[in-house]
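Tertiary structure, described
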Amino acid sequence: MAALIPMLRRIVGARVGQHPAAEDLVQETLARVLAAKDRIEPGMIEPYAITTVRNLVATMWRSGDREQRNRHRLHDPNEPRDIEESVVATEEQSAITEALGRLTEREREVLLAHEVSGRDTRSLADETGSTAGAVAAQLKRTRARLRVEYLLALEKVEPPTDRCRPVLLALSSADRRRQRELDAPRHLLECDLCARLSAPLLGRGPTREDEVHVPITSDPDIVAARQAARELAVRAGFSGTDLTLLATAVSEVARNIVKFATSGDVTIELLDQPQPGIRVVARDTGPGIPDVGRALEDGFSTAEGLGLGLPGARRLMDEFSIVSEQGRGTTVSMTKWFDKKG
Amino acid sequence: MSTGPALVSILRQGDTLVASIHTALDDSEMIRFQNDLVHQIGEHRARGVIIDVAALDVLDSFGSRTLRTIADMARLRGATTVIVGIQPDVAYAMVQLGMGRVGAHTALDLEEGLAYLSSMRNGRHKAAP
Ligand SMILES: [Zn+2]
């Protein structure tokens, strides 16, 4: 990041000369690059910075001077309202400023020292008697938090529940253990805001090779879910009858979602501990199953005409558990262990 | 069954209908297949129905139940149903699911299915359960 500064000063200098806003433009560009850093390919940071600084300079010229942002807030009738781009840029900028403001002073200090002033983790660690590794981990958490706060500020919303921020943070930091502790996938089913924000948060990381996520809302999704499970298993080198048993069980639990809940999803995940296997978690936001014990008894389903298919799915898999809460939904977790590969 | 590559086909051969499922069907497509087939059984006064499911890699509870419904309805119309081509893995999964009885005779492949139907016609077998 620090290496960008001389280049940015050159670009700004060439366009605005000794304009009093020159240094502000450089700093503003850095703030934007910083906020977008994790969404940009490493090799693209420089071009991104160049594009950003050019846009900022252009916006400044168009608006006349750097007071543009403030005049904008006052709805000055002389303000050129047709410059959509500058409005968007202004909103992004104030979201970044606000997000930075929501960090603790210490978080902000360390982040800016590292990203803008180019201090390395070692020297930052020495300063506080910490270790470089701990500082790096802290920076990672801070960036994750900045991304979450940036998105919230951009949408101008406060999360509706206490769970939202922790869930978003776990997604932003790609902390799978924490995501599991918080049952993040279920929260995303239940919370529209987090579901919406999860897309940009998850979109940045590389797509996971060992996990598939299939949203379930209608018939064709049942087929999609069971095919996804089979494909993941085949890719992992599994073969044989177990593939069919797995696909059939996924079909049953996915159908439950379509039939008894408005929406849900199926997550299929490769396991390697304590042995190779596949875990399937089917979650829905349906009415819940009043008597899980009975739903698992053979014959119950046909007698009641419910056709839950749960006893069958349980027999097809090696492990099976179900949690259902009335009015909130049902989560079925099941695992198939594969002893032999290939 | 209207646009794109056919998901299923139903061919008539004398008084026998040969229905093949060419790809995985979702539940609505399965129901449409059932309705089409039952309709054609009536229309053509079919005496024998062969359903070829060799292309299916899964026959879950819904698929199995639909086959059973087709066989039941065919029987009520005086036709015998033979289901052919159930893959060994699929058969095993159906049994585990508790859907082992499809309510129709089963045969390894189309040829065996046709042979069964003709032997039925010649009175060498009793009707399937
Ligand atoms: Zn939320």
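Relevant structure appears above.
Residues numbered from 1 in each chain as written. Chains lettered and ligands numbered in written order. Predicted model: local features only at pLDDT ≥ 70, side-chain atom pairs only at ≥ 80, totals over all residues. Heavy atoms only, no water.

**A word on the overall build of chain B**
If you tally the helices and strands in chain B, you get four helices and five strands. Going from the N terminus to the C terminus, chain B shows its helices and strands as β-β-α-β-α-β-α-β-α. Out of the 129 residues belonging to chain B, those deemed buried represent 48%. Considering only contacts within chain B whose residues lie at least 6 apart along the sequence, 67% involve residues at least 24 apart. For chain B, the exposed area adds up to about 6500 Å²; of that, 51% sits on carbon and sulfur atoms. (Helix = DSSP H or I, 4+ residues; strand = E, 2+ residues; numbered from the N terminus. Buried < 20%, exposed > 50% of the residue type's maximum accessible area, 1.4 Å probe, protein only. Contact = heavy atoms within 4.5 Å. Areas by Shrake-Rupley, 256 points an atom, 1.4 Å probe, with all protein chains shown as cover.)

**Considering the coordination of the zinc ion**
Protein ligation of the zinc ion involves C164 of chain A (SG), H187 of chain A (NE2), C191 of chain A (SG) and C194 of chain A (SG), the donor distances falling in the range 2.1 to 2.3 Å. Each of the four donor atoms around the zinc ion contributes to a set of angles spanning 100 to 116°, which defines the coordination as tetrahedral. (Donors = N, O, S within 2.8 Å, 3.2 Å for Na, K, Ca; no water. Tetrahedral: all angles 85-135°; square planar, octahedral: opposite > 155°, others 65-115°.)

**With respect to the pattern of salt bridges**
Residues and elements named next belong to chain A. The full count for this structure, using the stated rule, is 31 salt bridges over all chains. For R9, the salt bridge goes to E23, with nearest N and O atoms at 3.0 Å. Linking R9 in helix 1 (residues 4-16) with E23 in helix 2 (residues 22-36), this pair joins segments that are 14 residues apart in sequence. Taking relative accessible area as the criterion, R9 reaches 43% and is therefore assigned partly exposed. A relative accessible area of 33% places E23 in the partly exposed class. The partner of K336 in a salt bridge is D242, with the nearest N and O atoms 3.9 Å apart. Linking K336 in strand 5 (residues 329-337) with D242 in helix 14 (residues 241-260), this pair joins segments that are 94 residues apart in sequence. (Salt bridge = Lys/Arg side-chain N within 4 Å of Asp/Glu carboxyl O.)

**Notes on the pairing of strand 3 (residues 277-284) of chain A**
Residue and element names in this part refer to chain A. Most of strand 3 is tucked away, with seven of its eight residues classed as buried. Two elements, strand 2 (residues 264-271) and strand 3, share eight bridges in a ladder whose sense is antiparallel. In the sheet register, D265 faces strand 3, and the bridge partner there is R283. Taken together, strand 2 and the strand that follows it, strand 3, pair antiparallel across an intervening segment of five residues. Inspection of the sheet shows strand 3 paired to strand 5 by seven bridges, in the antiparallel sense. Within strand 5, the position partnered with V280 by the bridge is M334. (Pairing = 2+ DSSP bridges.)

**Comments concerning helix 1 of chain A**
Residue and element names in this part refer to chain A. In a regular helix each residue adds 1.5 Å, so 13 residues correspond to 18 Å; helix 1 covers 18 Å between its end C-alpha atoms and thus fits that length. Listed as buried for helix 1 are L4, I5, M7, L8, I11, V12 and V16. Mapping the buried residues of helix 1 onto a view down its axis gives an arc of 165°, with all of them on the same face. For helix 1, the exposed residues lying more than 90 degrees away from the buried face are R10 and A14. (Expected span 1.5 Å × (residues − 1). Arc of directions from axis to C-beta.)

**Quick look at the sheet that holds strand 1 (residues 8-13) of chain B**
All names here are of chain B. Taken together, the five strands give an open sheet; going across it, the order is 1-2-3-4-5, and neighbouring strands pair in mixed fashion. Looking at the sheet topology across the chains shown, the edges are occupied by strand 1 and strand 5 (105-107). Neighbour-to-neighbour, the strand axes of this sheet turn through a mean angle of 20°, independent of strand direction. Sheet topology note: the strand 1/strand 2 (residues 16-21) ladder contains six bridges and is antiparallel. (Axes fitted to C-alpha atoms, helices over the stretch in contact; angles between N-to-C directions.)

**Describing the interface of chain A and chain B**
A common measure of how large an interface is: the accessible area buried when the components associate. The partner chain B presents 18 residues to the 20 residues of chain A that form the contact. Both sides together, the interface formed by chain A and chain B hides about 1600 Å², and carbon and sulfur atoms give 50% of it. Three residues, D219, R226 and R255 of chain A, lead the burial of chain A against chain B; their summed loss comes to 28% of the area buried on that side. Taken together, chain A and chain B are joined by four salt bridges. We note a salt bridge from D60 of chain B to R255 of chain A, for which the minimum N-O separation is 2.8 Å. (Buried area = accessible area lost by both parts, 1.4 Å probe.)

The analysis is restricted to geometry; functional conclusions fall outside its scope.
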